[in-house]
Amino acid sequence: MQVVLVMFKGDSERRSFSVARDVTVIGRREDCDLRIPLGEVSRKHCRLIKDGQNLRIEDLGSSNGTFCNGERIQESAVGPGDSIRIGSVAFIVQIDGQPPEDEISAPAAPASVSSAGSSNQAEHSETAMAHSTEDFDPMSALNSEDSASDFDLGNLPPGEQSGIGLEEIRPDESA
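Residues numbered from 1 in each chain as written. Predicted model: local features only at pLDDT ≥ 70, side-chain atom pairs only at ≥ 80, totals over all residues. Heavy atoms only, no water.

### Section: the overall build of the chain
A count of helical and extended segments in the chain gives two helices and eleven strands. Across the chain, helices and strands are ordered from the amino to the carboxyl terminus as β-β-β-β-β-β-β-β-β-β-β-α-α. Relative to its full complement of 175 residues, the chain shows a buried share of 48%. (Helix = DSSP H or I, 4+ residues; strand = E, 2+ residues; numbered from the N terminus. Buried < 20%, exposed > 50% of the residue type's maximum accessible area, 1.4 Å probe, protein only.)

### Describing the confidence of the model for the chain
Of all residues in the chain, 59% attain a pLDDT of 70 or more, and the chain-wide mean is 73. Scored below 50 in pLDDT, residues 112–165 shows 100 contacts in the model against residues more than four places distant or in partner chains. (pLDDT = per-residue confidence, 0-100. Contact = heavy atoms within 4.5 Å.)

### Observations concerning the environment of Cys32
One can find Cys32 in the loop between strand 3 (23–27) and strand 4 (34–35). Once the C-alpha coordinates of Cys32 and Arg47 are considered, the two residues, 15 residues apart in sequence, prove to be 9.5 Å apart.

### Looking at the pattern of salt bridges
Opposite charge on two side chains makes pairing possible when the charged atoms of those side chains draw close. Scanning all chains against the criterion turns up seven salt bridges. A salt bridge links Glu58 to Arg56, with the nearest nitrogen and oxygen atoms 3.2 Å apart. It is possible to trace a salt-bridge network through shared partners that takes in Arg47, Arg56, Glu58 and Glu75. (Salt bridge = Lys/Arg side-chain N within 4 Å of Asp/Glu carboxyl O.)

### What about the state of the cysteines?
Per the stated rule, a full pass over the model turns up zero disulfides. Here Cys32 is not disulfide-linked; the sulfur of Cys46 is the nearest cysteine sulfur, at 9.1 Å. (Disulfide = S-S within 2.5 Å.)

### As for the sheet that holds strand 9 (residues 75–78)
Pairing between sheet strands relies on hydrogen bonds along the backbone, with the strands arranged either parallel or antiparallel. With mixed pairing, the five strands of this open sheet are ordered in space as 4-3-5-6-9. Pairing within the sheet leaves two strands with one partner each, and these edge strands are strand 4 and strand 9. (Pairing = 2+ DSSP bridges.)

### Considerations on unusual backbone geometry
With an omega of -5°, the peptide bond between Gln98 and Pro99 qualifies as cis. Here the phi dihedral of Asn69 falls at roughly 55°; this positive angle occurs in a residue that is not glycine. With respect to the helices and strands, Asn69 occurs in the loop between strand 7 (66–68) and strand 8 (71–73). Residue Asn69 is classed as partly exposed on the basis of its relative accessible area of 42%. With a phi angle near 50°, Asp96 is a residue other than glycine that sits in the positive phi range. You can see Asp96 is positioned in the loop between strand 11 (89–95) and helix 1 (125–128). For Asp96, a relative accessible area of 41% gives the class partly exposed.

### With respect to the environment of Asn64
Tracing the backbone through its elements, the reader meets Asn64 in the loop between strand 6 (54–59) and strand 7. Taking the C-alpha atoms as reference points, Asn64 and Ser42, 22 residues apart in sequence, are found 7.7 Å from one another. Here Glu40 takes part through its backbone oxygen, which lies 3.0 Å from a polar atom of the side chain of Asn64. (Polar contact = N/O pair within 3.5 Å; in protein donor to acceptor, adjacent residues only side chain to side chain.)

### Description of the packing of aromatic side chains
Here the structure, examined in full by the defined rule, presents one aromatic pair. Ring geometry for Phe17 versus Phe91: centroids 6.4 Å apart, planes at 80°, classification edge-to-face. Linking Phe17 in strand 2 (residues 13–19) with Phe91 in strand 11, this pair joins segments that are 74 residues apart in sequence. Residue classification places Phe91 among the buried residues on the basis of a relative accessible area of 0%. One residue, Arg85, lies across the ring of Phe67, its end atom 4.2 Å from the ring centre. (Phe/Tyr/Trp six-rings, centres within 6.5 Å; stacked < 30°, edge-to-face > 60°. Lys NZ or Arg CZ within 6 Å of the ring centre and 35° of its normal.)

### With respect to the environment of Ser62
Structurally, Ser62 can be placed in the loop between strand 6 and strand 7. Taking the C-alpha atoms as reference points, Ser62 and Ile86, 24 residues apart in sequence, are found 9.5 Å from one another. Discounting chain neighbours no more than four positions away, the residues touching Ser62 are Ser42, His45 and Arg72. There is a polar contact of 3.0 Å between the side chain of Ser62 and the backbone nitrogen of Gly65.

Set out below in structure tokens:
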């Protein structure tokens, strides 16, 4: 099963990330398989699990939650075309080429919630999650003080390796 996460920046720009491992940990720690260097993403936020022809996502006790198709989940089956949101980063899931590239569009922004109190994430975790992908600028994440300065997307083609805002997807070492 070939799994690709398609990330959107605004309405027109997108990047694709192949998920090669059977278990892919997503978070902000350097040892995560897919690193998102943003403060609203927990150190080990969630994981994608390939089990035969099934794909699941599990929250790993994150502070701000993991969302699948707009619903906060602890664990959920994931199918082609489903949206996953981790912090302010949203992905559309493509499995074995479905949905086709020309049918993938940016996920709908979450319901409008005032972000006035989002600086206190523990008290306003739902509010902190209200940022749409249109508000997320990967380049500003790269330039912020709390993000890593070294970005290595070793298993992506050279054209997909620059300016992404996500640090790393490590190739499956057991393959």
